[in-house]
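Coordinate analysis (summary)
Residues per chain, in single letters:
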Amino acid sequence: MYDELKAQLAYEEGKKLTKYKCTEGHWTIGIGHNLDAKPKMRGWVIPDTITDKECDAIFTVDVQDTVEAMAKAYPNIKVLAPARRDALLNMAFQMGSSGVMKFKGMLKALDNQEWKKAEQEALDSLWAKQTPNRAKRVAHQLYTGEYYNVG
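Attention here is on the structure that accompanies the text.

A few words on the sheet that holds strand 3 (residues 33-34). In sheet architecture, strand pairing relies on hydrogen bonds along the backbone and comes in two forms, parallel and antiparallel. Taken together, the three strands give an open sheet; going across it, the order is 1-2-3, and neighbouring strands pair in antiparallel fashion. Looking at which strands have only one partner, the edges of the open sheet turn out to be strand 1 (16-21) and strand 3. Of the pairings in the sheet, the one linking strand 1 to strand 2 (residues 27-30) comprises three bridges and is antiparallel in character. Counted as the bridge partner of K16 is G30 from strand 2.

As structure tokens, this is what we get:
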């Protein structure tokens, strides 16, 4: 489950098995795992270098955590078509569910099935200025209800 989302996140975040500073200045490892926010994973201190297997395990937990957080923050996510749901999850993976919840106009448009307006609201944001290419892809997925191609 969430195979398309995972493929998109891997594409957007990249994969690095040694820790690095992301564009926002946070220590990061694997597929977008923020070490500053979560230096431990279920009691295990994440080291500065990880294996592919450890990366996959961390990523799986991060995706699960994102799904659960968004389900609590925005219960209407469950009625969205999978591609639109995963677009929101993509955003939440990047900025947290609390960040997505600040997109009040976009969420209202989604609730009203105003897909073009949802796209426009998503693009009218600091997020779109900071990561314009990703934002365009994800926002367009909100509009079309179809997954964008990762490669």
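Relative to the elements of secondary structure, K38 occurs in the loop between strand 3 and strand 4 (40-41). Separated by ten residues in sequence, K38 and T28 place their C-alpha atoms 9.6 Å apart. There is a polar contact of 3.4 Å between the side chain of K38 and the side chain of D62.

All right, on to unusual backbone geometry then. Peptide bonds are mostly trans, and most non-glycine residues show a negative phi. Even without glycine at this site, R42 takes up a positive phi of about 50 degrees. Counting through the fold element by element, R42 comes out in the loop between strand 4 and strand 5 (44-45). Classification of R42 as exposed rests on a relative accessible area of 66%. One non-glycine residue, Q113, lies in the positive phi region at around 55 degrees. Take Q113: it is sitting in the loop between helix 4 (104-111) and helix 5 (115-123). Since its relative accessible area comes to 58%, Q113 is described here as exposed.

Within the largest apolar cluster, 40 residues are counted, with the highest numbers of intra-cluster contacts made by Y74, L88, M91, M106 and L110. Where this core is concerned, the elements lending two or more residues are helix 1 (3-13), helix 2 (52-73), helix 3 (82-100), helix 4, helix 5, helix 6 (126-130) and helix 7 (132-144). Beyond its immediate stretch of four places on either side in the chain, L88 contacts Y74, I77, L80, V100, M106, L107, L110 and L142.

This brings us to the packing of aromatic side chains. Taken as a whole and judged by the stated rule, the model has two aromatic pairs. Look at F59 and F93: their rings are 5.9 Å apart centre to centre, the planes differ by 80 degrees, and that puts the pair in the edge-to-face class. Taken together, the residues F59 in helix 2 and F93 in helix 3 connect sequence positions 34 residues apart. Residues F59 and F93 agree in their burial class; the two are buried. Judged by centre distance (6.0 Å) and plane angle (85 degrees), the ring pair of F103 and W127 falls under edge-to-face.

Let us now look at helix 4. For helix 4, the set of buried residues is M106, L107, A109 and L110. Taken down its axis, helix 4 places every buried residue within 160 degrees of arc, on the same side. Of the residues in helix 4, the exposed ones pointing more than 90 degrees away from the buried face are K104 and K108. For helix 4, the secondary structure elements touched by its buried residues are helix 3, helix 5 and helix 7. Taken from the residues just after helix 4, Q113 is the one with a positive phi, measuring 55 degrees.

A few words now on the pattern of salt bridges. Counted under the stated rule, the structure contains ten salt bridges. Between K15 and D56 there is a salt bridge; the shortest N-O distance is 4.0 Å. In this pair, K15 is assigned in the loop between helix 1 and strand 1 and D56 in helix 2, connecting sequence segments 41 residues apart. On the accessibility criterion, K15 (43% relative accessible area) is partly exposed. When salt bridges that share partners are traced, they join K15, D52 and D56 into one network.

Conventions used here
In this numbering scheme, every chain counts its residues from 1 along its sequence in written order. Under the rules for a predicted model, residues below a pLDDT of 70 receive no local features and side-chain atom pairs below 80 are neither given nor counted, while totals for whole chains, interfaces and linings still include all residues. Remark: hydrogens and water are excluded; side-chain values derive from all non-hydrogen atoms of the structure. By definition, two strands form a pair when at least two bridges between them are found by DSSP. A run of DSSP states H or I qualifies as a helix once it reaches four residues; a run of E qualifies as a strand once it reaches two. Both are numbered from the N-terminal end. The definition of a polar contact used here is a pair of N or O atoms within 3.5 Å, where within protein one atom must be able to donate a hydrogen and the other to accept one, and adjacent residues in sequence count solely through side-chain atom pairs. Burial classification: accessible surface area is computed with a 1.4 Å probe over protein chains only, and a residue below 20% of its type maximum counts as buried, one above 50% as exposed, and the rest as partly exposed. Residues belong to a common nonpolar core when they are buried Ala, Val, Leu, Ile, Met, Phe, Trp, Tyr or Cys residues joined through side-chain atoms within 4.5 Å. We call two residues contacting when some pair of their heavy atoms lies within 4.5 Å. Between 30 and 60 degrees the pair is tilted, below 30 it is stacked and above 60 it is edge-to-face, where a pair is any two Phe, Tyr or Trp rings, Trp via its six-membered ring, whose centres lie within 6.5 Å. Think of it as the arc spanned by the lines of direction from the helix axis to the C-beta atoms. Here a salt bridge means any side-chain nitrogen of Lys or Arg lying within 4 Å of a carboxyl oxygen belonging to Asp or Glu.

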